[in-house]
Amino acid sequence: MKNTLKLTIFLGLIAALCTGILAGVDMLTKDRIAEQSAGAETAALKELYPDATSFTVIEDFEADSEGLVLAAYQVDDTAYAFRVSSQGFASPVVFLIGFDNDGSNSKYTVLEQNDTAGIGDRILADEYVSDMSGLSTTDSFPLISGATKTSEAVVKGVSAAVEVFNSITGSTGGPAVEEPEEDPVALLSESEGEASVTYEVESKGFAGNNVFEITVDTTEHTIVSVVSKVYSDTPGPDYGEKVITEENLASYEGLVISEANVDVVSGATFTSNSLQAAVDLVKELYSERPDENTAVIEVEAPGYNPDTPNIIAVHINKETNTVSAVKVVEFNDTKGLGDQATTEERLNEYVGLTIDDEVNVDVVSGATVTSKAVDKAVVEALAIHAEGGQ
Amino acid sequence: MSENKLSKKEIFSAGILRENPVLSLFLGLCSTLAITTNIYNALGMGLSVIVILVLSNVLISLIRNITPDSIRIPVYIIIIATLVKVLEMFMHAYVPSLYTALGTFLALIVVNCMILGRAEAFAAKNTMVDSAIDGLGMGIGYTIIIFIISFVRQILSTGSLSLYNPLTTESIFSLQLIPDGYTIALFGEPAGAFLTFAVLIALAVYIQDTSSRKSAKKARGGKA
């Protein structure tokens, strides 16, 4: 008991002594530290506005919708500057962006970034800094090809700063940020080979559409080859072309098609995504591909306009003689009306029917003629199959 | 007892060569790998560690006879933490650029096993002067190693070598050694730190092996 007390007192004394020392040093350095941190913040602002005499922190600005703007400053009474943090490829990019009172003459400098050396860090390059300068709030801010993610983060941050700028100055309008479309992909052609099937797919990349030819082995269900047919992204070995190197394309070979995913190539994000989108489409198409047990019967389904009939493909399982899928090959009725009868949901209702069943799928109001035409086509296909013909 | 006692010179050189804290004891690796991107950071970190190590060794050695054995570790930790915090505050106030460059690793000197390791292994058992010398030797040994790693990494990753005055941020010297386009950015990343460090360890082991083989040969030759 006595010993414990002794230990406690000893430790308490040491701790009290150390606390005292810390308090003393804190008093000595407190003012200087406060001065230093304020100095560090204005030092960067001073670089943007070397002639300005005062930088006033705007305390109660209205935050932007994403909360990217960390601080706002009034520079003399001629301009506004904003400290913005926006998520880049690997970590947030922190930068300053300033505009004159009338929204013109942008100034930009990066305070902090940790994206891939040699790629993302090109947002620091003089070339980009000068591209980002002298613009007004209504201009569109530039992206860097090959450093899309990082420069997109900057552009997104600029939009946030403009939002705050507008709320402070009461002006409207913002930069015309071009929203990239969501990976549009389309199948160009499909050709059957011996134990393989080849799809030619067009997929949107960074600049234009790229075309890839993807061949799948139909017995092993693996990718045989990926070939780049048309490449329209940024030329040069540092950007999108990294994706279509033989080495990278070869990394897809042998992958089971249903699980084919390959890492995004840093510095070529958009082109990588365009290839992946093409592979995803093939994945989907291939999974819907009829196997040996399926008979595919294409039937005409004359709908609203008998001269241009719709063409319906009915997949029938040879063992159970049931419908396994119904697909539209060609649609010639009125868009927005007749196609209510060929939605995926409605077509799925045919699945499982046999020749003996009464085909009785709901008729869609407003698409009566097309609904009935599809009904008739399925019955016809089942009849053809029962006769063993095509 | 007097026979086992090491001379002052031996205590000092132990930290630099024989018992180098980084290369043979593998202490303080966290900061060794993290801050060695350029020689400026390495020198700053090295100096900080020397100061902390000498002061903590001296203080701990001073109170070694009155410190109760059962609570010695918490006492050491409090002392080391206080010293680091004091250094951190002074650095923040007077050399802010170094303070930002070292970041968390400055505060993490508290848990740098090298400091507590020397307190426990040496300062708690030896006189104040010997402890100060031990701290200085170990600190210099640590500094030499992180300087070598940062030297290699800075040259390979940026192609140039530069140093600036922490108080005025004026450049002291700046040399371009490798032309642009031939640098290896990897060495600026953590992986580059591991590579450099691994090669350095291999080199140290090789040198130790050859020198011990030589002395063994000498000893045999002398007897024959």
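As a starting point, this report considers the structure included with it.

Parameters at a glance
- Residues numbered from 1 in each chain as written.
- Chains lettered and ligands numbered in written order.
- Predicted model: local features only at pLDDT ≥ 70, side-chain atom pairs only at ≥ 80, totals over all residues.
- Heavy atoms only, no water.
- Helix = DSSP H or I, 4+ residues; strand = E, 2+ residues; numbered from the N terminus.
- Buried < 20%, exposed > 50% of the residue type's maximum accessible area, 1.4 Å probe, protein only.
- Contact = heavy atoms within 4.5 Å.
- Areas by Shrake-Rupley, 256 points an atom, 1.4 Å probe, with all protein chains shown as cover.
- Axes fitted to C-alpha atoms, helices over the stretch in contact; angles between N-to-C directions.
- Left-handed = near helix turned anticlockwise from the far one by under 90°.
- Nonpolar A, V, L, I, M, F, W, Y, C, P; charged D, E, K, R; others polar.
- Parallel < 35°, antiparallel > 145°, perpendicular 65-115°, else oblique.
- Pairing = 2+ DSSP bridges.
- Buried area = accessible area lost by both parts, 1.4 Å probe.
- Polar contact = N/O pair within 3.5 Å; in protein donor to acceptor, adjacent residues only side chain to side chain.

On to the overall build of chain A, then. Along its length, chain A carries seven helices and twelve strands. Buried residues in chain A amount to 41% of all 390 residues. By sequence separation, contacts in chain A at least 24 residues apart represent 48% of the contacts at least 6 residues apart. Surface accessibility of chain A: about 20600 Å² in total, with carbon and sulfur atoms responsible for 50%.

Attention now moves to the packing of helix α3 (residues 39-62) of chain B against helix α4 (residues 72-94) of chain B. Residue and element names in this part refer to chain B. The contact between α3 and α4 brings their axes to 10 Å, and the two run at 145°. The handedness of the crossing between α3 and α4 comes out as right-handed. Two secondary-structure elements touch here, α3 through Ser48, Val51, Ile52, Leu55, Ser56, Leu59 and Ile60 and α4 through Tyr76, Ile79, Ile80, Leu83, Val84, Leu87 and Met91. Looking at side-chain class alone, the contact of α3 with α4 contains twelve nonpolar, two polar and no charged residues.

All names here are of chain B. Interhelical geometry of helix α1 (residues 8-16) versus helix α8 (residues 128-158) gives an angle of 30° and a closest axis separation of 6 Å. In terms of axis orientation, α1 runs roughly parallel to α8. Helix-helix and strand crossings are classified by hand; for α1 and α8 the assignment is right-handed. Touching Lys8, Ile11, Phe12, Gly15 and Ile16 of α1 are Val129, Asp130, Ile133, Asp134, Leu136, Gly137, Met138, Ile140, Gly141 and Ile144, all from α8. Among the residues forming the contact of α1 with α8, the class breakdown is nine nonpolar, three polar and three charged.

Residues and elements named next belong to chain A. Sheet architecture is open: five strands sit in the order β1-β2-β3-β4-β5, paired in antiparallel fashion. What marks the edges here is a single partner per strand, and that holds for β1 (55-58) and β5 (107-112). With direction set aside, neighbouring strand axes in the sheet form an average angle of 25°. The sheet contact formed by strand β4 (residues 92-100) and β5 spans five bridges and is antiparallel.

Each partner contributes to the interface: chain A provides 16 residues, whereas chain B provides 21 residues. The contact between chain A and chain B buries some 1700 Å² in all, and 84% of this surface belongs to carbon and sulfur atoms. Here chain A is connected to chain B by one residue pair in polar contact (both at pLDDT 80 or more).

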